[in-house]
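As a plain string of letters, each chain reads:
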Amino acid sequence: MIPPYLIDFSLQDLPLVETDVIVVGSGIAGLYTAIQASRHQRVMLISKKSLFESNTRYAQGGIAAVIAEDDSPDYHLQDTLIAGAGLCAEEAVHALVHEGPDGVRQLMQMGAEFDQVNGELALTMEGAHSHRRILHAHGDATGYEIVRALAEYVKTCSNITLWDDHFAIDLVTIDEECRGVLVQRPDGERVYVTGKATVLCTGGGGQLYRYTTNPDVATADGVAMAYRAGAVIQDMEFIQFHPTSLCYPGAPRFLISEAVRGEGAVLRNIKGERFMEQYHHQSELAPRDIVARAIVSEMEKTKSTFVYLDITHESEEQVKTRFPTIYETCLRYGLDLSSDWIPVAPAAHYMMGGVKTDLNGETNINRLFACGETSSTGVHGANRLASNSLSEAIVFGRRIVERINMLAPLTEPAPHLAVDENRHELPIQAVVERRLKLQKVMVRYVGVRRDDPGLKKAMDELHRQIGFFSCRLSRKEEYEFANLLTCAMMVARSANWREESRGAHYREDYPERNDAEWSKHTLLHHKHGITEELIHHV
């Protein structure tokens, strides 16, 4: 059994820090939400590493918004619904496509500089989009540019207190109301931060898998914290694997953006043969789940660990200009994007599931909100449309702040709360070994393709680690592993429950989509277990 808290504590014995709004996480969701909230509230922004270490920083392709005259929100909505494979919440998608453009313009007002051509915003195409609507910055460094601009803007906000290198361990909830967060300082001291609203913006969980495009900090902390606190967690089986991450000896699993295929790159197996036409009519621009499974199939057929991405038909100048970060990274490992075929393979990239929220980013726990990849707003359904994630963060960040501004402050002090689970010392096995074993289990049994025997094997293997929650934890790496184990168990359990294939969830033993029986969300709750919610289309 996963306990509601990872540590033993007594609130009366902890230093107390009071604020209005607590924001946990510093990617685009955390930074943008903190900035908006600081206009009328005191904000505590908690980052477990630094402002520049988040999934947002590594986002290359861009941010999707309807800007072009020949495009429309209706087109964007339809593209998103199609990619979401029947599980999108249409009201949430409607908010995204209609409010996203204003959010992008606000990013520009805050200092984000997107690429232009002849004085107009440069728009590119990405997989499963019907129109060019992807804004990008410095070619392929969109996420970094957004984080740079927002981080600089944060420094001008006197109402924001920034805590770098602080770890949010658990939410403090009393009578189904979130009162704040237990935080560990860099020196190991623990404090209780309380406020009238807490917003989880901790990003995704790419580190659930051995091969991921995500940075080391992506350990699904917010989702695990919310689950332990009693929040409803939705659709955890839907993990998006990016089809094209660099797969080369000595190199990290570096993301090769979807935009490279959007600009005409093709996929070839190790025999040099193009193959995507055999799998989907959109070829290389098919939805990510289809491309990822096609690559895995070709790898198996040719007994290879990779396929090639080929954009050598473009000029060297064009490649350097459009994809400078990717070009320079590949060159560092002896690969020239303009003249070499680049070896690629799928890697874990994005969680569609997360903490279930309403249209204002609010969870089933009073005063608790979630934004960005941590949340499950219903925008992405079973398979996120490329470059919708950054748009979602700003649209729902603004909505969250509007709701928080309506909340009354906490007036009564929190009742005394003490937790004592009589925890024992950690066993000898190093946490890094546990983490690697978990990642291998997830890659082997809960990856791009799944089946009942493998998923049950995964659940058994993961459950053997359940004793870790009875240990006395004190370091960041230990908290992260507890969070990874919590979420790994949720992903495996949800994937085993959904006996169909849909979007990013593919079951070899149930290869077809089954709308008659499975047009519903998977819901997980700490006390009530696994339930479902039927889809209601507007």
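Use the structure listed above.
All values reported here derive from a predicted model rather than from experimental measurement.

Explain the overall build of the chain to me, please; I cannot follow it from the model alone.
Looking only at helices and strands, the chain features 14 helices and 25 strands. At 22 Å, the chain has a C-alpha radius of gyration in line with the 24 Å of a compact globule built from 538 residues. Over its C-alpha atoms, taken along the principal directions, the chain stretches across nearly 65 × 55 × 50 Å. Counting the 538 residues in the chain, one finds 65% classified as buried. When contacts within the chain are restricted to residue pairs at least 6 apart in sequence, those whose partners lie at least 24 apart make up 72%.

Even after reading the chapter, I still don't get the packing of helix H1 (residues 28-37) against helix H10 (residues 388-404), so can you show me in this structure?
Two measures define how a pair of helices packs: the angle their axes make with one another and the distance between the axes. Contact geometry of H1 with H10 gives a least axis separation of 9 Å together with a crossing angle of 30°. One finds that H1 runs roughly parallel with respect to H10. As for the relative orientation of H1 and H10, their crossing is right-handed in sense. Residues Ile 28, Ala 29, Tyr 32, Thr 33, Gln 36 and Ala 37 of H1 pack against Leu 390, Ala 393, Ile 394, Gly 397, Arg 398, Ile 400 and Val 401 of H10. The residue makeup of the contact of H1 with H10, split by class, is nine nonpolar, three polar and one charged.

Just checking my understanding: could you explain the pairing of strand E11 (residues 167-174) for this structure?
For E11, the tally of buried residues reaches eight of eight residues, placing the bulk of the element in the interior. Sheet analysis places E11 next to strand E12 (residues 177-184), joined by seven bridges and oriented antiparallel. Each bridged residue has a counterpart across the sheet, and for Ala 168 the counterpart in E12 is Val 183. The antiparallel hairpin formed by E11 and E12 contains two residues in its connecting segment, where Asp 175 sits at a positive phi of about 55°.

Explain the pattern of salt bridges to me, please; I cannot follow it from the model alone.
It is possible for side chains of opposite charge to pair when their charged atoms get near one another. In this structure the tally under the stated criterion is 44 salt bridges. Across the pair Lys 476 and Glu 480 runs a salt bridge whose closest N-O atoms are separated by 3.6 Å. Here Lys 476 and its partner Glu 480 are both found in helix H13 (residues 476-497), four residues apart, which amounts to about one turn of the helix. Classification of Lys 476 by relative accessible area gives partly exposed; the value is 34%.

Is there a simple way to think about the sheet that holds strand E2 (residues 16-18) in this case?
Sheets are built from strands paired through backbone hydrogen bonds, the pairs being either parallel or antiparallel. Spatially, the four strands line up as an open sheet ordered E2-E13-E12-E11, and their pairing is mixed. Each of the sheet's edge strands pairs with one partner strand only, and the pair in question is E2 and E11. With strand direction ignored, the average angle separating the axes of adjacent strands in the sheet is 30°. When E12 meets strand E13 (residues 190-194), the two strands line up antiparallel, connected through five bridges. Across the sheet, Val 183 pairs through a bridge with Val 191, a residue of E13. Along the sheet face, helix H5 (residues 221-229) touches E11 and E12 and points at about 25° away from the line of E11. Packed onto the sheet, H13 meets E11, E12 and E13 and runs at close to 55° relative to E11.

Just to check I follow, could you spell out the side chain of Asp 310 for this structure?
Within the element layout of this structure, Asp 310 appears in strand E18 (residues 307-310). Note on Asp 310: relative accessible area 4%, which makes it buried. A polar side-chain atom of Asp 310 sits 2.9 Å from a polar atom in the side chain of Arg 268. Aside from chain neighbours lying at most four places away, what touches Asp 310 is Ala 265, Val 266, Arg 268 and Trp 341.

Hey, could you run me through helix H4 (residues 142-154) in this one?
Since the α-helix turns once every 3.6 residues, residues separated by three or four places project in the same direction. If you check H4, its first and last C-alpha atoms are 18 Å apart, about what 13 residues at 1.5 Å a residue would give, namely 18 Å. Among the residues of H4, Thr 142, Gly 143, Glu 145, Ile 146, Val 147, Ala 149, Leu 150, Ala 151 and Val 154 are the ones counted as buried. Buried residues in H4 make contact with H1, strand E5 (63-64), helix H3 (90-109), strand E9 (134-135), strand E10 (160-163) and H10.

Help me understand the sheet that holds strand E4 (residues 43-46), please; the structure alone is not making it clear to me.
Strand order across the open sheet formed by five strands is E10-E4-E3-E14-E21, with parallel pairing between neighbours. On the outer flanks of this sheet lie E10 and strand E21 (368-370), each paired with one strand and no other. Adjacent strand axes in the sheet meet at a mean angle of 20° when their direction is disregarded. One ladder, built from four bridges, connects E4 with E10; its direction is parallel. Bridge assignment links Val 43 to a residue of E10, and that residue is Ile 160. The strands touched by H1 are strand E3 (21-24), E4, E10 and strand E14 (197-200); relative to E4, the strand with the most contacts, the crossing angle is about 170°.

How should I be thinking about the environment of Val 291 in this particular structure?
When you line up the elements, Val 291 lands in helix H7 (residues 288-301). Residue Val 291 is classed as buried on the basis of its relative accessible area of 0%. As a C-alpha pair, Val 291 and Met 1 span 290 residues in sequence and 38 Å in three-dimensional space. Contact partners of Val 291, with chain neighbours within four places excluded, come to Pro 243, Arg 261, Leu 267, Met 276, Ser 283, Glu 284 and Ala 286.

Help me out: how do you make sense of the nonpolar core in this one?
One broad trend across soluble globular proteins is that nonpolar side chains are buried collectively. Core analysis: the biggest nonpolar cluster contains 78 residues, and Phe 9, Leu 182, Tyr 209, Ile 233, Leu 438, Val 446 and Leu 462 have the highest contact counts within it. Here this core gets 12 residues from one element, more than from any other, and that element is H13. In this structure, Val 446 is in contact with Tyr 209, Phe 241, Val 441, Leu 455, Ala 458, Val 491, Ala 492 and Ala 495, ignoring residues within four places of it in sequence. Residues Met 110, Cys 201, Phe 369 and Ile 394 belong to the second largest nonpolar core, which totals 40 residues.

How should I be thinking about unusual backbone geometry in this particular structure?
Backbone geometry places Glu 176, a non-glycine residue, at a positive phi of 60°. Residue position: Glu 176 is located in the loop between E11 and E12. Of the residues examined, Glu 176 reaches a relative accessible area of 62% and is grouped as exposed. For Ala 220, which is not glycine, the phi torsion reads 55° and is therefore positive. Note on placement: Ala 220 falls in the loop between E14 and H5. Residue classification places Ala 220 among the buried residues on the basis of a relative accessible area of 0%.

Got a minute to help me understand helix H11 (residues 431-445) in this structure?
The end-to-end C-alpha distance of H11, which contains 15 residues, comes to 21 Å, matching closely the 21 Å that a straight helix rising 1.5 Å per residue would cover. Taken as a whole, H11 has its buried residues at Val 431, Arg 434, Arg 435, Leu 438, Gln 439, Val 441, Met 442 and Tyr 445. When H11 is viewed along its axis, its buried side chains cluster within an angular range of 160° and face the same direction. Away from its buried face, by an angle of more than 90 degrees, H11 presents the exposed residues Val 432 and Arg 444. Contacts made by the buried residues of H11 are with helix H12 (452-463) and H13.

What counts, and where the lines are drawn
Residues numbered from 1 in each chain as written. Predicted model: local features only at pLDDT ≥ 70, side-chain atom pairs only at ≥ 80, totals over all residues. Heavy atoms only, no water. Helix = DSSP H or I, 4+ residues; strand = E, 2+ residues; numbered from the N terminus. Rg over C-alpha atoms; globule rule 2.2 N^0.38 Å. Buried < 20%, exposed > 50% of the residue type's maximum accessible area, 1.4 Å probe, protein only. Contact = heavy atoms within 4.5 Å. Axes fitted to C-alpha atoms, helices over the stretch in contact; angles between N-to-C directions. Parallel < 35°, antiparallel > 145°, perpendicular 65-115°, else oblique. Left-handed = near helix turned anticlockwise from the far one by under 90°. Nonpolar A, V, L, I, M, F, W, Y, C, P; charged D, E, K, R; others polar. Pairing = 2+ DSSP bridges. Salt bridge = Lys/Arg side-chain N within 4 Å of Asp/Glu carboxyl O. Polar contact = N/O pair within 3.5 Å; in protein donor to acceptor, adjacent residues only side chain to side chain. Expected span 1.5 Å × (residues − 1). Core = buried A, V, L, I, M, F, W, Y, C linked by side-chain atoms within 4.5 Å. Arc of directions from axis to C-beta.

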